[in-house]
Amino acid sequence: MNKGGTAAQSSLFEIRTFFIHKGGIPMKYNPKAIEAKWQKHWYESGAFSAEDFSDKPKYYSLVEFPYPSGSGMHVGHIRAYTSLEIVSRKRRMEGYNVLFPIGFDAFGLPTENYAMQQKIHPRKITDENIGIFTDQLKRAGFSFDFDRTVDTTDPGYYKWTQWIFLQLFKKDLAYRSKTHVNYCPSCKVVLSNEESQGGKCDRCGETVVQKEKDVWFLKITEYADRLLEGLKDLDTLPRIKREQENWIGKSVGAEIVFPVNEADESLNVFTTRPDTLFGATFMVIAPEHPLIEKAADHIKNLDAVRQYRKDAQLKSEFERTELSKDKTGVKLEGLTAKNPLSDEDIPIFIADYVMMGYGTGAIMAVPAHDARDYEFAKTYGLSVREVIQGGDIEKEAYTDVEEGVLINSGFLNGLSVAEAIEKTIEHVVEEGIGEKAVNFKMKDWAFNRQRYWGEPIPIVHCDACGMVPVPEEDLPVELPGTDQDIRNIEPGAEGESPLASIDAFVHTTCPKCGKAARRETDTMPQWAGSSWYFLRYTDPGNDEALADYEKLQYWLPVDWYNGGMEHVTRHVIYSRFWHQFLYDIGVVPTKEPYKKRTAQGLILGPDGDKMSKSKGNVVNPMETIDFYGADTLRLYILFIGDYEQPTPWSETGVKGSRRFLERVWKLQHNVDAAHEDDKALLIELNKTIKGVDEDIENTKFNTAISKLMTFVNEALQREKISKTTFETLLRLLNPFAPHMAEELNELIGNTQSLVHAPFPTVDETLLEEEKVTIVLQVNGKVRDKVDTAKDQEKDALEQIALESERVKQFTEGKTIHKVIVVPNKLVNVVAK
RNA sequence: GCCAGCGUGGCGGAAUUGGUAGACGCGUCAGACUCAAAAUCUGAUGGGGUUCGCUCCGUGUCGGUUCGAGUCCGACCGCUGGUACCA
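Here the structure is a predicted model, which is why all the values come from computation and not from measurement.

A. Quick peek at the overall build of chain A. For chain A, the count of helices and strands is 27 helices and 32 strands. For chain A, the spread of C-alpha atoms along the principal axes amounts to about 100 × 90 × 55 Å. For chain A, the proportion of contacts with a sequence separation of at least 24, taken over those separated by at least 6, is 73%. Across chain A, the 102 positively charged side chains and the 129 negatively charged ones have centroids separated by 4 Å.

Right, dumping it as structure tokens:
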């Protein structure tokens, strides 16, 4: 056990016992009672219901819906939700009609694995977990509209996930193809490249192997350019944008044709550096490249070539990319290509440093100006021709594109790289041997798994008609079996879907010709249901459409979407892809789904390591709620540090937040309705309003809270404060610690809940009257400070500085060269 | 390797456009209350020196620009995240 974890249980945090008498009842801060009371009040009165088509301006705040795992809520969930919880509560107070929904992304492997282990149907487990999660969310006091909850595993929901798939299929954006896939022998599941990073299965850590399979793909690459384009209007951190851009990975260049001399074939290559074409001294093709079989008759060392290809296929993706940094390859004896510009005959190699999956699977190798080609050329003693002057190609490849000048390149000589790229493209287009080309790193989205707990893909395979979509009126294609029967979920043999062994599911009739046919047995990946859930919140019960168009029109786009940094690429891009597609077919009214995207930082364990069960440093937020209260937890989790930065959890830090709440509680006894506050306090209050307001908008929740603390400390210095000042404080506090704010608001005699009470506004005239401290420096060092009125003239400030005794002391015997005056800030006297 | 972010007290972290470095919180120390402890309240708390007036040093390292640099520029070191023979 770690220090932090046990501290919560062992070091008893004594609640300050402190009584007042109000109607003879002793009152102390008792979060348990207060929180239960207000949660009941809010949730039973529908205080957080979003109203369709209200006249108020709408605000849609969205947090990533959770996977309802058996272990319940994690502190990470609390951090992820609390930001927009604050914003949503503030928006309601500002008069907005707020949609702040929650739901459950409940399909997925952990539930299914647990189901098989415990012999309980995943439906049952899911329902139980959702129940636990909902209860926990309410105990944190989150202001979600629980009437709009969605569950991706509900047939009423996945009917529409399947419907969207059918639309994609009809537009040829969903297709089946045989390819080598990453396969996890332990999970018996096909994995995407992202799920098998480092050659290990994302879920279980088993080594991934390559397997040939029929796989469903969604043609996301067709939307690559638009996904990139749409980022321009997304309000988000530069790094969030960058990560998406990198993931899409657009590169611009040319595709150029190299004729093969001995056979009636040619090799197309993609290059971003057409300017180096004269320097292409050999070619490299991927081991899987079709040329090998097409021109097999001409290859003299076919056995060696095939052996190399076989070896390459045996290597996992991991070995190919991570381990074998040394370049290997085999020359295709008997085949040569012609460099279309230099007219030279150049050798062709197969080598596994060229990937079939990127570009054309073939490259023109320019060893003088590409580090990889250089290494390969050195290993095999191939010629290196310098075509860009500026580096030292005896030592290394010269890859600079800014400084270099073209040489040894005929009509390109003397040009800069940029000019040469343009001119080469022009030339190859004229000659008909190439064209401008764009390539994307992003690949089509592998869209299937061989597991039970997912949306069945609504396709029927008919011997006569081929792949036939299930008619829309027959949706949803429901998962077979009852929630009593768990035999159905056991994985099939050889990585087949469990559904494949359920005859009643598989055997059907073709919707087109009526003959016997088989259902598709693969299910969709977990990303499916989460790619459109935010649309469903606008109209969760609709059985005629995924959501009513007018409701979508009212609520979209999502004004602010917060979630994990880890979802910025996959989930956000996938959902943007679906959204753009739905826009194209007229189902949704906006081109892009999200206006603004933020991402919270990780909460680390008290030891500073990533929280994990194996390290035993996991903090359970519900224990904190039980011990200190939900208000303390909410406050602490935001106060802990910069919202977007990772920060370790600290048990003593939690105590500090509780202490602050105790001080606010105590402040109620200083409230006197007849009292008038001094100006200094009012100025402080208005500074606090301004600061808290701005900080919330800028996700600087930690400094917002510190400003509230500063004000409370200041207010506690007074014997009495006015009722209005206290009310204002409570309204500022309300988004953060709503239970306490509501309770105190009631205790001082108010009957209206704070949910829709106006958020305080700043009295600017008071801020004008604030005094400022002017710093007096001599040669850049602080020597004195004076308090003056705001916005004094420069001359007056200079005068004040020169009259200061301290300034005189440090300038004595020196000549004053100049005086720098920064209004409201400082005066710097430069003397020598 | 490439891209992005970060580096500030014992700790979490604050510092508009370059303008009082260390807000706020934790911890620690001292005092008050108590028989005592806890809780609470008050005060101190970057380091060195000090005649207790002050003074010098200090934001990863080195250099630069500036009246003035945590902030800007250049070079480097370290950490975190993303990505990777991407042609």
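B. Highlighting the side chain of D539. Secondary-structure assignment places D539 in the loop between α15 (533-536) and α16 (549-555). Its relative accessible area of 8% is what places D539 among the buried residues. Of note is the side chain of D539, whose polar atom sits 2.7 Å from the side chain of N542. In contact with D539, other than residues within four places in its own chain, are R148, L546, A547, D548 and K551.

C. Looking closely at the pattern of salt bridges. Per the stated rule, a full pass over the model turns up 47 salt bridges. With its nearest N and O atoms 2.8 Å apart, the salt bridge here joins D584 to R226. You can see D584 sitting in helix α17 (residues 570-584) and its partner R226 sitting in helix α7 (residues 224-229), a full 358 residues away along the chain. Owing to a relative accessible area of 34%, R226 belongs among the partly exposed residues under this scheme. We note a salt bridge from D695 to K707, for which the minimum N-O separation is 2.7 Å. Linking D695 in helix α21 (residues 679-697) with K707 in helix α22 (residues 701-716), this pair joins segments that are 12 residues apart in sequence. Assessed through its relative accessible area of 9%, D695 is described here as buried.

D. Focus on helix α2 (residues 31-45). In this model α2 runs 21 Å from its N-terminal to its C-terminal C-alpha over 15 residues, within 8% of the 21 Å that 1.5 Å per residue would give. Contacts made by the buried residues of α2 are with α3 (75-93), α5 (122-139), α18 (621-628), α19 (630-639), α20 (651-667) and α24 (738-747). Looking one or two places after α2, you find G46, whose phi comes out positive at around 65°.

E. Spatial organisation of the packing of α18 against α19. The geometry of α18 relative to α19 is characterised by a closest axis approach of 7 Å and an angle of 125° between their N-to-C directions. On the basis of the axis angle, α18 is oblique to α19. Along the contact surface, α18 presents P621, T624, I625 and Y628, while α19 presents A630, T632 and L633. In terms of residue class, the contact of α18 with α19 is built from 5 nonpolar, 2 polar and no charged.

F. How the structure looks around α20. End to end, α20 covers 25 Å across 17 residues, agreeing with the expected 24 Å (1.5 Å per residue, within 8%). Of the positions making up α20, those classed as buried are E651, V654, S657, R658, F660, L661, E662, V664, W665 and L667.

G. Inspection of the packing of aromatic side chains at higher detail. On inspection of all chains with the given rule, the structure shows 45 aromatic pairs. Aromatic side chains F65 and Y533 sit 3.7 Å apart centroid to centroid with 5° between the ring planes, which places their arrangement in the stacked category. One end of the pair, F65, is in the loop between β3 (58-63) and α3; the other, Y533, is in helix α15, with 468 residues separating them in the sequence. Y533 matches F65 in its accessibility class, with the two residues each being buried.

H. Expanded view of the sheet that holds strand β32 (residues 826-831). The strand order across the open sheet formed by 4 strands is β30-β29-β32-β31, and the pairing between neighbours is mixed. Edge strands, defined here as strands with exactly one partner in the open sheet, are β30 (781-788) and β31 (816-822). Across the sheet, the axes of successive neighbouring strands diverge by a mean angle of 15°, strand direction being ignored. In this sheet, β30 lies alongside strand β29 (residues 772-778) in antiparallel orientation, the contact comprising 7 bridges. By the bridge assignment for β30, V778 is matched with K781.

I. Main features of a negative patch on the surface. Residues E419, E422, E426, E430 and E431 make up a contiguous surface patch of negative charge. On the secondary structure map, E422 appears in helix α13 (residues 417-431). On the basis of relative accessibility, which here comes to 56%, the residue E422 falls in the exposed class.

J. Focus on the sheet that holds strand β12 (residues 266-271). Read from one edge of the open sheet, 3 strands run β12-β11-β19, paired in antiparallel fashion. The open sheet has two edge strands, β12 and β19 (434-440), and neither has a second partner. Strand-to-strand, the axes of this sheet are offset by a mean angle of 35°, without reference to chain direction. Sheet topology note: the strand β11 (residues 250-259)/β12 ladder contains 6 bridges and is antiparallel. Bridging across to β12, I256 finds its partner in V269. Against the sheet, α13 touches β11 and β19, its axis set at about 120° to β19.

K. Seen up close, the packing of α21 against helix α23 (residues 723-733). Their axes nearest at 11 Å, the elements α21 and α23 cross at an angle of 15°. As judged from the angle between their axes, α21 and α23 are roughly parallel. Relative to α23, the crossing made by α21 is left-handed. Residues L681, L682, L685, T688, I689 and V692 of α21 lie in contact with α23, whose contacting residues are T725, T728 and L732.

L. A look at the environment of L332. Structurally, L332 can be placed in strand β14 (residues 330-338). Put simply, L332 and A715 are 383 residues apart on the chain and 84 Å apart in space, counted from C-alpha to C-alpha. With residues near it in sequence (within four places) discarded, L332 still touches I285, I299, N301, V305, I348, F349 and I350.

Parameters at a glance
Numbers given for residues are sequential positions, taken from 1 along each chain in its written order. Each chain is given a letter, starting from A, and each ligand a number, starting from 1, according to the order in which they appear as written. The model is predicted, so local features are restricted to residues of pLDDT at least 70 and side-chain atom pairs to those at 80 or more, both for listing and for counting; the totals for chains, interfaces and linings are taken over all residues. By convention in this description, side-chain values take in all heavy atoms of the structure and omit both hydrogens and water. The helix count covers DSSP runs of H or I at least four residues long, the strand count covers runs of E at least two residues long, and both are numbered beginning at the N terminus. Contacts are residue-level and defined by heavy atoms, with any inter-residue pair within 4.5 Å sufficient. When charges are counted, neither His nor the chain ends are considered; positive counts come from Lys and Arg and negative counts from Asp and Glu. Here the site of a charge means NZ on Lys, CZ on Arg, CG on Asp, or CD on Glu. Relative accessibility under 20% of the residue-type maximum defines a buried residue, over 50% an exposed one, and the middle range a partly exposed one, all with a 1.4 Å probe and only protein chains included. Any pair of N or O atoms that falls within 3.5 Å is considered a polar contact. Within protein, one atom must be able to donate a hydrogen and the other to accept it, and sequence-neighbouring residues count only if both atoms are side-chain atoms. One side-chain nitrogen of Lys or Arg within 4 Å of one carboxyl oxygen of Asp or Glu is enough to make a salt bridge. Multiply 1.5 Å by the residue count of a helix minus one, and that product is the helix's expected span. Angular values range over 0 to 180 degrees, each being the angle between N-to-C directions of two axes fitted as lines to C-alpha atoms, with helices fitted over their stretch in contact. With respect to orientation, any angle under 35 degrees is reported as roughly parallel, any angle over 145 as roughly antiparallel, any angle of 65 to 115 as roughly perpendicular, and every other angle as oblique. Here the nonpolar group is Ala, Val, Leu, Ile, Met, Phe, Trp, Tyr, Cys and Pro; Asp, Glu, Lys and Arg are the charged ones; every other residue, Gly included, is treated as polar. Any two of the Phe, Tyr and Trp rings considered here, Trp counted by its six-membered ring, make a pair once their centres fall within 6.5 Å; the pair's planes then place it as stacked at under 30 degrees, edge-to-face at over 60, or tilted in between. Between any two strands, pairing holds if DSSP finds at least two bridges. Patch construction takes residues with relative accessible area above 30% that form no salt bridge. Like charges are linked within 9 Å, and nonpolar side chains (Val, Leu, Ile, Met, Phe, Trp, Tyr) are linked within 5 Å. We get accessible surface area from the Shrake-Rupley algorithm with a probe of 1.4 Å; when it comes to residues, only the shown protein chains can shield them. Handedness of a helix crossing follows the sense of rotation of the near helix relative to the far helix, less than a right angle counterclockwise being left-handed and clockwise being right-handed.

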